[in-house]
Amino acid sequence: MSALKAGDDFPEGVSFTYVPYNPDQGAVTACGVPVKYDASKEFKEKKVVLVSVPGAFTPTCQNTHIQGYIEKLPQLKAAGVDQVIVIAFNDAWVQAAWAKANGIKDEIIFASDDGATFSSSIGWTLGARTARYAIVVDHGKVVYAEKEPAKDVGVSGVDAVLAKL
């Protein structure tokens, strides 16, 4: 498979893992049980923003990239987005801790692209890690897909995505 572009069908067989929010395990250090998120199936039924970052808790990812999505989640919802999913190379437990550290319960899914399997399949990696990119899928159809050409958030940040909704 090659890079995705607007007009493509979102591919079959794509899944991520995440730890669903559980109020009994709300502490950052509490570990839940990761479950499979069947992105191919779920994306057929929703308008989804998939955001990929190289790593949880890293400076650009934490301070610049993800904060925009957290702060502008109401605008994304108002534009018809059903779900925002943040993926990274990190495992599902690190992603869950990152969500909790940002005060996120279940408003945004923080999931693992295990082994960067999906990101590798579309050629959007940084070495072994997931690259920084954003993909908007509307009921199975890719309507926006851009990978950052440099170390900023010009095409994958929330403002770029909102402009395409």
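Before reading on, note that the structure itself is shown above.
Residues numbered from 1 in each chain as written. Predicted model: local features only at pLDDT ≥ 70, side-chain atom pairs only at ≥ 80, totals over all residues. Heavy atoms only, no water.

Student: Account for the overall build of the protein, naming residues and giving values.
Tutor: Looking only at helices and strands, the protein features six helices and nine strands. In terms of overall dimensions, the protein is globule-like: its C-alpha atoms have a radius of gyration of 14 Å, near the 15 Å expected for 165 residues. With the C-alpha coordinates of the protein rotated into their principal frame, the extents come out at 40 × 30 × 30 Å. In the protein, which comprises 165 residues, the proportion classed as buried is 49%. Taking contacts inside the protein between residues at least 6 apart in sequence as the whole, the part at least 24 apart equals 66%. Of the accessible surface of the protein, which amounts to about 7500 Å², a share of 53% is contributed by carbon and sulfur atoms. Between the centroid of the 16 positive side chains of the protein and the centroid of its 19 negative side chains there is a distance of 2 Å. (Helix = DSSP H or I, 4+ residues; strand = E, 2+ residues; numbered from the N terminus. Rg over C-alpha atoms; globule rule 2.2 N^0.38 Å. Buried < 20%, exposed > 50% of the residue type's maximum accessible area, 1.4 Å probe, protein only. Contact = heavy atoms within 4.5 Å. Areas by Shrake-Rupley, 256 points an atom, 1.4 Å probe, with all protein chains shown as cover. Lys, Arg positive; Asp, Glu negative; His and termini not counted. Charge placed at Lys NZ, Arg CZ, Asp CG, Glu CD.)

Student: I'd love a proper account of the nonpolar core, names of residues and values included.
Tutor: The nonpolar side chains of a soluble globular protein tend to be buried, and buried together. Among the nonpolar cores identified, the biggest contains 25 residues, and Tyr69 and Val84 are the most heavily contacted of them. Elements supplying a minimum of two residues to this core: strand S3 (47-52), helix H2 (59-71), helix H3 (73-78), strand S4 (83-88), helix H4 (92-101), strand S8 (133-138) and helix H6 (158-164). Looking at this core, the element that brings in the most residues is H2, giving four residues. When sequence neighbours within four positions are dropped, the list of residues in contact with Val84 reads Val49, Val51, Tyr69, Leu73, Leu76, Ile108 and Ile109. (Core = buried A, V, L, I, M, F, W, Y, C linked by side-chain atoms within 4.5 Å.)

Student: Describe in detail the packing of aromatic side chains, supporting the description with residues and values.
Tutor: All told, the structure shown has eight aromatic pairs when counted by the stated rule. Ring geometry for Trp98 and Phe110: centres 5.3 Å apart, planes at 80°, overall edge-to-face. Note that Trp98 is positioned in helix H4 and Phe110 in strand S5 (residues 109-112), a separation of twelve residues in sequence. The same class applies to Trp98 as to Phe110, namely buried. Cluster of aromatic residues (ring-pair linked, three or more members): Phe10, Phe16, Tyr18, Tyr37, Phe43 and Phe118. (Phe/Tyr/Trp six-rings, centres within 6.5 Å; stacked < 30°, edge-to-face > 60°.)

Student: Could you give an account of the pattern of salt bridges, with specific residues and numbers?
Tutor: With the rule as written, the count across this model stands at five salt bridges. With its nearest N and O atoms 3.2 Å apart, the salt bridge here joins Lys5 to Asp8. Looking at Lys5, the relative accessible area reads 52%, which means it is exposed. Residues Asp9 and Lys141 are paired through a salt bridge, measuring 2.8 Å at the closest nitrogen-oxygen approach. Here Asp9, found in the segment before strand S1 (15-18), pairs with Lys141, found in strand S9 (residues 141-147); they are 132 residues apart in sequence, far enough to count as distant. Judged by its relative accessible area of 39%, Lys141 falls in the partly exposed class. (Salt bridge = Lys/Arg side-chain N within 4 Å of Asp/Glu carboxyl O.)

Student: Outline H4, listing residues and values.
Tutor: The element H4 is extensively covered by neighbouring structure, given that seven of its ten residues are classed as buried. Where H4 starts, the residue carrying a side-chain oxygen 3.0 Å from the main-chain nitrogen of Trp93 turns out to be Asp91. Just past H4, the residue Gly103 takes up positive phi, approximately 75°. (Polar contact = N/O pair within 3.5 Å; in protein donor to acceptor, adjacent residues only side chain to side chain.)

Student: Which residues make up the side chain of Asn90, and what values go with them?
Tutor: Turning to its location among the elements, Asn90 is positioned in the loop between S4 and H4. Judged by its relative accessible area of 15%, Asn90 falls in the buried class. Apart from the residues within four sequence positions on either side, Asn90 is in contact with Gly55, Ala56, Gln95, Ser112 and Arg129.

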